[in-house]
Amino acid sequence: MTARTLSNGLEARLVADAHGLVLVIDGIEQSHLGPAGSPPRHASHRWMLAAAAESLAASGGGTALHLGGGAAALPRALQEALPHLRQTVVELEPAIVALVAEAAPLPAGIDVVVGDGRAVLERVAAPVALVTIDVFGAGRVPAPFTTLECFAAARAALEPGGALVVNSADGPPLRFLRGQLATLRAVFAHVALVTTGSTLAGARHSNAVLLASDAPLPLDAVRERVRTGPPPAAVLGWDRLRRFVDEASPVPARDATAVDSPAPVRSAYLGSAALPPSLTAPDA
């Protein structure tokens, strides 16, 4: 086990298990590094990998910018799948960068920048084919990474046809998730969602991966990669999401008013895992 004390006083550890290394912060598992070529253990990282790899294949791009480092499970998986890729990972906490560099050095093709991801995003010098946002603090997505201004900066940082992939989280009644989809749609022509049916049914608090681009998204290819799980996931494009979002009449989040995503909780919701009618009713 290797450990570091973070700037906020919490402890970060890389702990060996039967299948690799686990990054643990404040007693909570943040990410897992398995053998090279193995799929990420966390479902949200598998969904992000599917969305990112298929978007890069569709655009033919070869560069990626990742906001949120941790143990860099997603960039490592992408580098394994696409050795030509040039990636930059931005991590705010220097102690995590040092911890990972000591215990699990990054492969060639991945560079690390210590700094604030939002600030780095806003000064990208050369456009990239992929931007990912995977930033959490105490299980919540910080407000600066949820806003119209943040997503507009991501759009400006992308090459034509490039894609944004966001790891988010919410629980019942999914107001935050609907607001995030509405905010993305105010910036990008194409928006989609990857998550489990139980999350959309309001059965539990869980992760959701959001995709956005000005080019059509490769949803069929992403759907094929995530349909079997575990857990199996739904991939929904905007035609299906529109009414689901409009049910909450969300206003796009702005820097001046945005709040962090809800704190993670686990609870039953109405005792049912039936999808809301907006996601199942026939299109008008």
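Residues numbered from 1 in each chain as written. Predicted model: local features only at pLDDT ≥ 70, side-chain atom pairs only at ≥ 80, totals over all residues. Heavy atoms only, no water.

(A) A look at the sheet that holds strand S8 (residues 128-133). Pairing is mixed in the open sheet, where eight strands are placed in the order S7-S6-S5-S8-S9-S11-S10-S12. Among the strands making up the open sheet, the edge pair consists of strand S7 (110-114) and strand S12 (234-237). Across the sheet, the mean angle from the axis of one strand to that of its neighbour is 15 degrees, orientation sign disregarded. Strand contacts of helix H2 (residues 73-81): strand S5 (63-67), strand S6 (86-91), S7 and S8, with the helix running at about 175 degrees to S6, the strand carrying the most contacts. (Pairing = 2+ DSSP bridges. Helix = DSSP H or I, 4+ residues; strand = E, 2+ residues; numbered from the N terminus. Axes fitted to C-alpha atoms, helices over the stretch in contact; angles between N-to-C directions. Contact = heavy atoms within 4.5 Å.)

(B) The arrangement of helix H3 (residues 94-103) in detail. Regarding H3, the residues found buried are Ala95, Ile96, Leu99 and Val100. When H3 is viewed along its axis, its buried side chains cluster within an angular range of 130 degrees and face the same direction. (Buried < 20%, exposed > 50% of the residue type's maximum accessible area, 1.4 Å probe, protein only. Arc of directions from axis to C-beta.)

(C) Region of interest: helix H1 (residues 43-59). The end-to-end C-alpha separation of H1 is 24 Å, in line with the 24 Å expected for 17 residues at 1.5 Å each. Within H1, 13 of the 17 residues are buried, leaving the element largely enclosed by the surrounding structure. Positive phi appears at Gly60, one or two residues downstream of H1, with a value of about 75 degrees. (Expected span 1.5 Å × (residues − 1).)

(D) Here's a closer look at the side chain of His45. Checked against the element boundaries, His45 lands in helix H1. For His45, the side chain forms a polar contact with the side chain of Asp134, separated by 3.0 Å. Excluding residues within four positions of it along the chain, His45 makes contact with Gln30, Ser31, Pro40, Ala73, Leu74 and Asp134. (Polar contact = N/O pair within 3.5 Å; in protein donor to acceptor, adjacent residues only side chain to side chain.)

(E) Representation of the packing of H1 against H2 in the model. Contact geometry of H1 with H2 gives a least axis separation of 10 Å together with a crossing angle of 45 degrees. When the axes of H1 and H2 are compared, the pair comes out oblique. Taken as a pair, H1 and H2 cross one another with a handedness that is right-handed. Residue-level inspection shows His45, Met48, Leu49, Ala52, Ala53 and Leu56 of H1 in contact with H2, the latter providing Ala73, Leu74, Ala77 and Leu78. Taken together, the residues that form the contact of H1 with H2 break down as nine nonpolar, one polar and no charged. (Parallel < 35°, antiparallel > 145°, perpendicular 65-115°, else oblique. Left-handed = near helix turned anticlockwise from the far one by under 90°. Nonpolar A, V, L, I, M, F, W, Y, C, P; charged D, E, K, R; others polar.)

(F) Region of interest: the pattern of salt bridges. The full count for this structure, using the stated rule, is 14 salt bridges. In this structure, Arg223 engages Asp220 in a salt bridge whose closest nitrogen and oxygen atoms are separated by 2.8 Å. On the criterion of helical spacing, the pair formed by Arg223 and Asp220 is a turn pair, its members being three residues apart in helix H8 (residues 219-226). Relative accessible area serves as the criterion here: at 61%, Asp220 is assigned to the exposed category. Three or more residues are tied together by salt bridges with common partners; here these are Asp17, Glu29 and Arg41. (Salt bridge = Lys/Arg side-chain N within 4 Å of Asp/Glu carboxyl O.)

(G) Structural detail: the environment of Ala256. Positionally, Ala256 belongs in the loop between helix H9 (238-246) and helix H10 (277-280). Considered as a pair, Ala256 and Gly161 are 95 residues apart in the sequence and their alpha carbons are 29 Å apart.

(H) Here's a closer look at the layout of surface pockets. Computed from the structure, the second largest pocket encloses a volume of approximately 400 Å³. Pro35, Ala36, Gly37, Arg76 and Ala77 are, among the 19 residues lining the second largest pocket, the residues nearest its centre. Contributions of two or more residues to the lining of the second largest pocket are made by strand S4 (28-33) and H2. With six residues, the top contributor of residues to the lining of the second largest pocket is H2. Across the lining of the second largest pocket, the residue classes break down as ten nonpolar, five polar and four charged. (1 Å grid on protein atoms, 1.4 Å probe; cavity = no way out; pocket = protein on both sides within 12 Å on 5 of 7 lines; lining within 4 Å. Points joined across faces, edges and corners; volume = space filled by probe spheres on them.)

(I) Seen up close, the confidence of the model for the chain. Looking at the chain as a whole, the pLDDT averages 91, with 94% of positions reaching at least 70. Below a pLDDT of 50 lies the segment residues 266-272, which in the model reaches ten contacts outside its immediate sequence neighbourhood of four places, other chains included. (pLDDT = per-residue confidence, 0-100.)

(J) Spotlight on unusual backbone geometry. Cis geometry is found at the peptide bond from Pro172 to Pro173, where omega equals 10 degrees. Locating Pro173 in the fold gives a position in the loop between strand S9 (158-170) and helix H6 (175-185). Although it is not a glycine, Leu174 adopts a positive phi angle of roughly 65 degrees. Taking relative accessible area as the criterion, Leu174 reaches 2% and is therefore assigned buried. Here the phi dihedral of Ser249 falls at roughly 45 degrees; this positive angle occurs in a residue that is not glycine. Positionally, Ser249 belongs in the loop between H9 and H10.

(K) Structural detail: the environment of Pro35. If you trace the backbone, Pro35 turns up in the loop between S4 and H1. Since its relative accessible area comes to 53%, Pro35 is described here as exposed. Sequence separation of Pro35 and Asp239 is 204 residues, and the distance between their C-alpha atoms is 38 Å.

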